[in-house]
Amino acid sequence: FVLLAVWLPALPAWSMEAISPDKLVDNTAQEVLTIVRQDKSLQGSHAKILDLVEAKILPHFNFNRMTRLAMGKNWSKASPDQQEQLVKEFRTLLVRTYSNALTDYRDHTIKVEPLKVAAEDTDTTVKTKVMQDSGQQPVPIDYSMEKTNAGDGWKVYDVTVAGVSLVTNYRSTFNNQVRDGGVDKLLKTLVDKNRSLIAADKKADAR
């Protein structure tokens, strides 16, 4: 389900502060869908899809907070260096996952529920529905978003699909890894998984 987070790419930096979170999701979802549908060079190229993800998605995700939430109580067990590595590897895992599946959703549409956000609000949830083929139920996707004092607009710190939280889902996996072998085992698992995804992408692009 984390693949569907691709619907939240970045807008130009100048507009980050002014645009509301629901408008941000709505406007940029259409942009990404248009790019994926019209740019034929993206189809079959993991490298180009990855570039699109890097350019459009990363600026709007708070990977530091996402990693801390996914780690839960185990975050404090990691050293500063380990925490930095965890954020890096978790970010890589999510980006690779998004890039590998983005083209699968090019024929879908998304509907964003209007949201009233007060000027002083700093935390909200944007509710959306991914409309599937005729006869299939829409997939509800909620984006938990925050606005910090840094002036860089709204950022996603969790994604909930059909009632299942991305952060909570990973927390269970991370907890098991840390319990069985500490933070080092979790890091090794993430590194190995990312290497496997990268190798698979390169092999596919070489065909």
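In short, a report on the structure. Please read all numbers here as calculations on a predicted model, not as lab measurements.

### Here's the deal with unusual backbone geometry
Working step 1: One non-glycine residue, Ala 162, adopts positive backbone phi at about 50°.
Working step 2: Residue placement: Ala 162 occurs in the loop between strand S4 (154–161) and strand S5 (164–165).

### Here we look at the sheet that holds strand S2 (residues 123–131)
Working step 1: One open sheet holds the 5 strands; their spatial order is S1-S2-S3-S4-S5, and the pairing between them is antiparallel. Both outer strands of the open sheet, strand S1 (109–112) and S5, are each paired with one neighbouring strand and no more.
Working step 2: Note that S4 and S5 share 2 bridges and pair antiparallel. Bridged to Thr 160 within S5 is Ser 165.
Working step 3: The strands that helix H1 (residues 21–38) touches are S1, S2, strand S3 (139–147) and S4; relative to S1, the one it contacts most, it runs at about 170°.
Working step 4: Those strands touched by helix H3 (residues 63–71) are S2, S3 and S4, and its axis lies near 40° from that of S4.

### Focus: the pattern of salt bridges
Working step 1: The full count for this structure, using the stated rule, is 5 salt bridges.
Working step 2: The salt bridge involving Glu 146 is made with Arg 65; its shortest N-O contact spans 2.6 Å. Taken together, the residues Glu 146 in strand S3 and Arg 65 in helix H3 connect sequence positions 81 residues apart.
Working step 3: Given a relative accessible area of 12%, Glu 146 falls into the buried group.
Working step 4: Residue classification places Arg 65 among the partly exposed residues on the basis of a relative accessible area of 22%.
Working step 5: Across the pair Asp 180 and Arg 179 runs a salt bridge whose closest N-O atoms are separated by 3.8 Å.

### Points about the pairing of S4
Working step 1: Where burial is concerned, most of S4 is hidden: 8 out of the 8 residues are buried.
Working step 2: Linking S4 back to S5 in an antiparallel pair, the connection comprises 2 residues, with Ala 162 at a positive phi of about 50°.

### Focus on helix H5 (residues 166–206)
Working step 1: The first and last C-alpha atoms of H5 sit only 32 Å apart over 41 residues, clearly below the 60 Å expected at 1.5 Å per residue.
Working step 2: The largest bend in H5 amounts to roughly 125° and is located at Gly 181.
Working step 3: The opening residue of H5 is Ser 165, an N-cap whose side-chain oxygen sits 3.2 Å from the backbone nitrogen of Val 167.

### So, the packing of aromatic side chains
Working step 1: What the rule picks out here adds up to 4 aromatic pairs.
Working step 2: With centroids separated by 5.7 Å and ring planes inclined at 50°, the aromatic side chains of Tyr 170 and Phe 174 adopt a geometry described as tilted. Linking Tyr 170 with Phe 174, this pair stays in helix H5, spanning 4 residues, or about one helical turn.
Working step 3: Residue class for Tyr 170 comes out buried when judged on its relative accessible area of 15%.
Working step 4: Accessibility expressed as a relative area gives 3% for Phe 174, which makes it buried.
Working step 5: Taken together, the ring pairs in this structure connect Phe 90, Tyr 170 and Phe 174 into an aromatic cluster.
Working step 6: One residue, Arg 65, lies across the ring of Tyr 157, its end atom 3.7 Å from the ring centre.

What counts and what doesn't
- Residues numbered from 1 in each chain as written.
- Predicted model: local features only at pLDDT ≥ 70, side-chain atom pairs only at ≥ 80, totals over all residues.
- Heavy atoms only, no water.
- Helix = DSSP H or I, 4+ residues; strand = E, 2+ residues; numbered from the N terminus.
- Pairing = 2+ DSSP bridges.
- Contact = heavy atoms within 4.5 Å.
- Axes fitted to C-alpha atoms, helices over the stretch in contact; angles between N-to-C directions.
- Salt bridge = Lys/Arg side-chain N within 4 Å of Asp/Glu carboxyl O.
- Buried < 20%, exposed > 50% of the residue type's maximum accessible area, 1.4 Å probe, protein only.
- Expected span 1.5 Å × (residues − 1).
- Bend = angle between axes of the 7 residues up to and from the residue.
- Polar contact = N/O pair within 3.5 Å; in protein donor to acceptor, adjacent residues only side chain to side chain.
- Phe/Tyr/Trp six-rings, centres within 6.5 Å; stacked < 30°, edge-to-face > 60°.
- Lys NZ or Arg CZ within 6 Å of the ring centre and 35° of its normal.

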